[in-house]
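# Structural overview
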Amino acid sequence: MIDLIVVFLIMVMLITLGVALFSVLVDLYDALRNLRHEIAIQTLVESILSVFVLIELFRSFTDYLEFHRLRLRVISEVAIVFVLRDVFIGLYSHSLEWRDILALSLLIAVLVGTRVASLFFPPPQE
């Protein structure tokens, strides 16, 4: 039953990814048409970074289908990409304060440490 739910979620993710790619193309057209408007370019950057997050989520679902478990390495990579997306958007829009940057940097360091630890301490083979 869980595999059916995951397959359904993968189909939903494929549709979402297709819509997101279409949105990127629309935002690209908007940004090229209005090169002087920073909002159009910022929207394009946000859309592209969101597609990266969706790709990582899609990868984690397909990874679950292959191994029938969630691997810490993949989950930490998804979290790193998600946090980096927020950092890039915040830096690009100049809306982050130094405390936010420090907190997000510490979060990224912990996530990278988790990713590295998952490589050095793999789960026991069954």
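Please refer to the structure higher up on the page.
### A short note on unusual backbone geometry
- For His94, which is not glycine, the phi dihedral falls at a positive 60 degrees.
- Here His94 shows up in the loop between α3 (72-92) and α4 (98-120).
- Overall, the relative accessible area of 69% leaves His94 in the exposed class.

### Side note on the environment of Leu96
- Looking at the secondary structure, you find Leu96 in the loop between α3 and α4.
- Each C-alpha atom, one on Leu96 and one on Leu65, is 38 Å from the other, the two residues being 31 residues apart in sequence.
- Not counting the four nearest positions on each side in its chain, Leu96 is found in contact with Val87, Gly90, Leu91, Ile101 and Leu104.

### Comments concerning the nonpolar core
- Judged by nonpolar contacts, Met13, Leu17, Ala20, Val24, Ala31, Leu44, Val51 and Leu54 together constitute the single largest core of 8 residues.
- Put simply, the parts of the chain that give this core at least two residues each are α1 (2-33) and α2 (38-67).
- Top element by residues in this core is α1. It accounts for 5 residues.
- Among residues more than four places away in sequence, those in contact with Val24 are Leu44, Ser47, Ile48 and Val51.
- Listed in part, the 5 residues of the second largest apolar core include Ile80, Val87, Ile108 and Leu111.

### Structural notes on a nonpolar patch on the surface
- Where nonpolar side chains cluster on the molecular surface, the patch consists of Met1, Leu4, Ile5, Phe8, Leu9 and Val12 and spans about 630 Å² of accessible area.
- Inspection of the secondary structure assignment puts Phe8 in helix α1.
- Accessibility expressed as a relative area gives 55% for Phe8, which makes it exposed.

### A word on α2
- In a regular helix each residue adds 1.5 Å, so 30 residues correspond to 44 Å; α2 covers 44 Å between its end C-alpha atoms and thus fits that length.
- What α2 keeps buried is the set Ala40, Gln42, Leu44, Ser47, Leu49, Val51, Val53, Leu54, Glu56, Ser60, Asp63 and Tyr64.
- Along its buried surface, α2 packs onto α1 and α3.
- Following α2 by one or two positions, His68 adopts a phi angle in the positive range, close to 60 degrees.

Conventions and cut-offs
- Residues numbered from 1 in each chain as written.
- Predicted model: local features only at pLDDT ≥ 70, side-chain atom pairs only at ≥ 80, totals over all residues.
- Heavy atoms only, no water.
- Helix = DSSP H or I, 4+ residues; strand = E, 2+ residues; numbered from the N terminus.
- Buried < 20%, exposed > 50% of the residue type's maximum accessible area, 1.4 Å probe, protein only.
- Contact = heavy atoms within 4.5 Å.
- Core = buried A, V, L, I, M, F, W, Y, C linked by side-chain atoms within 4.5 Å.
- Patch = residues over 30% accessible without salt bridge, like charges linked within 9 Å, V, L, I, M, F, W, Y side chains within 5 Å.
- Areas by Shrake-Rupley, 256 points an atom, 1.4 Å probe, with all protein chains shown as cover.
- Salt bridge = Lys/Arg side-chain N within 4 Å of Asp/Glu carboxyl O.
- Expected span 1.5 Å × (residues − 1).

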